[in-house]
Amino acid sequence: MIVPNIVQYFADTSYTESLVIAFVYPLPAQAVTLVCDYADNVIQAVLEGRKPSRIAEGKPYHRDVHRLVFLGVTDYARTIGSSLTASRLEPYKNRFLAKDHVPSISIDTLDVHPGKSSAAFAVSLDFVNFGGCSFLFTHLRVERKLLRSTGKNAEGEWVYIDVSTNQPVDFYHPFDLHR
């Protein structure tokens, strides 16, 4: 879905503490893709002292996975964090996939506001221990999948199915990153 009101979307949706599954800025493409396990509904429940609701449209789920594709990207700038972890992550600065067996990364802040041009928006994205990035973009596409765990497989990895399709989903690759 192309988001019609980008500023309002981010005012209503906080990605703080969400686990990063993928972060891809494929040069020279003008898109940044961020895939994360959305955490806000869980964090809010915990802060309010209640058990998180894991029911959507009457169906139970365990993971709420979002893909954000920022389109028309310009003025991309990446900063690498100053921690020991960040220096180990240098090779992943523009392409991070959680399956690469690197330390977990979560979103510290994701701020979006109107840019200097009437057709652009400005992003400031900070990752805990992984630095951050900033860029301008013109459009945002968001997709969401609710995943339900069916237990662990023989290799000890969690197995998930898409709640809406009942089809198996690889947690580390829930979306096609090339679309």
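Since this is a predicted model, take the numbers as computed values, not measurements.

1. A few points about the pairing of strand E12 (residues 158-162)
And step 1. Two elements, strand E11 (residues 139-152) and E12, share five bridges in a ladder whose sense is antiparallel. The partner of Gly151 across the bridge, within E12, is Val159.
And step 2. The antiparallel hairpin formed by E11 and E12 contains five residues in its connecting segment, where Gly156 sits at a positive phi of about 85°.
And step 3. One ladder, built from two bridges, connects E12 with strand E13 (residues 168-169); its direction is antiparallel. In the strand pairing of E13, Ile161 is matched with Pro168.
And step 4. Linking two consecutive strands that pair antiparallel, namely E12 and E13, is a turn of five residues; a positive phi of about 65° is found at Asn166 within it.

2. Here's the deal with the side chain of Asp162
And step 1. Among the secondary structure elements, Asp162 is positioned in strand E12.
And step 2. When sequence neighbours within four positions are dropped, the list of residues in contact with Asp162 reads Lys145, Leu146, Leu147, Gln167 and Val169.

3. A word on the packing of aromatic side chains
And step 1. In the structure shown here, the tally under the stated rule is 13 aromatic pairs.
And step 2. Considering the side-chain rings of Tyr76 and Phe135, the 6.2 Å spacing of their centres and the 25° angle between planes classify their relative orientation as stacked. Of the two residues, Tyr76 is situated in strand E6 (residues 74-79) and Phe135 in strand E10 (residues 131-137); the sequence distance between them amounts to 59 residues.
And step 3. Since its relative accessible area comes to 18%, Tyr76 is described here as buried.
And step 4. When the ring of Phe121 is compared with that of Phe137, the centres are 5.6 Å apart and the planes differ by 35°; the resulting orientation is tilted. Separated by 16 residues along the polypeptide, Phe121 in strand E9 (residues 121-127) and Phe137 in strand E10 bring together distant segments of the chain. As far as burial versus exposure is concerned, Phe121 and Phe137 are alike and both buried.
And step 5. Three or more aromatic residues link up through ring pairs in this structure, and these residues are Tyr9, Phe10, Tyr15, Tyr25, Tyr38, Phe70, Tyr76, Phe121, Phe135 and Phe137.
And step 6. Against the face of Phe175 rests Lys145, its NZ or CZ located 5.1 Å from the ring centre.

4. Let's talk about the pairing of strand E2 (residues 31-37)
And step 1. Burial analysis of E2 places seven of its seven residues in the buried class, which makes it a mostly covered element.
And step 2. What you see with E2 is no split at all: Ala31, Thr33, Val35 and Asp37 on one side and Val32, Leu34 and Cys36 on the other are buried throughout.
And step 3. Relative to E2, strand E1 (residues 19-24) runs antiparallel, the two being bridged by five bridges. In the sheet register, Phe23 faces E2, and the bridge partner there is Leu34.
And step 4. Once E1 ends, the chain turns through six residues before running back antiparallel as E2.
And step 5. The pairing of E2 with strand E5 (residues 63-71) spans seven bridges and is antiparallel. Following the sheet pairing, Thr33 is matched in E5 by Val69.

5. A short note on the sheet that holds E5
And step 1. Pairing is antiparallel across the open sheet formed by seven strands, whose spatial order is E7-E1-E2-E5-E11-E12-E13. Because the sheet does not close on itself, it has two edges, and the strands there are strand E7 (95-97) and E13.

6. Comments concerning the environment of Tyr38
And step 1. By the secondary structure assignment, Tyr38 is in the loop between E2 and helix H2 (40-47).
And step 2. Linking Tyr38 and Asp162, residues 124 residues apart in sequence, is a C-alpha distance of 15 Å.
And step 3. Ignoring sequence-local partners within four residues, the contact set of Tyr38 consists of Thr13, Ser14, Tyr15, Ser18, Asp64 and His66.

Scoring rules and cut-offs
- Residues numbered from 1 in each chain as written.
- Predicted model: local features only at pLDDT ≥ 70, side-chain atom pairs only at ≥ 80, totals over all residues.
- Heavy atoms only, no water.
- Pairing = 2+ DSSP bridges.
- Helix = DSSP H or I, 4+ residues; strand = E, 2+ residues; numbered from the N terminus.
- Contact = heavy atoms within 4.5 Å.
- Phe/Tyr/Trp six-rings, centres within 6.5 Å; stacked < 30°, edge-to-face > 60°.
- Buried < 20%, exposed > 50% of the residue type's maximum accessible area, 1.4 Å probe, protein only.
- Lys NZ or Arg CZ within 6 Å of the ring centre and 35° of its normal.

None of this, on its own, says anything about what the molecule does.
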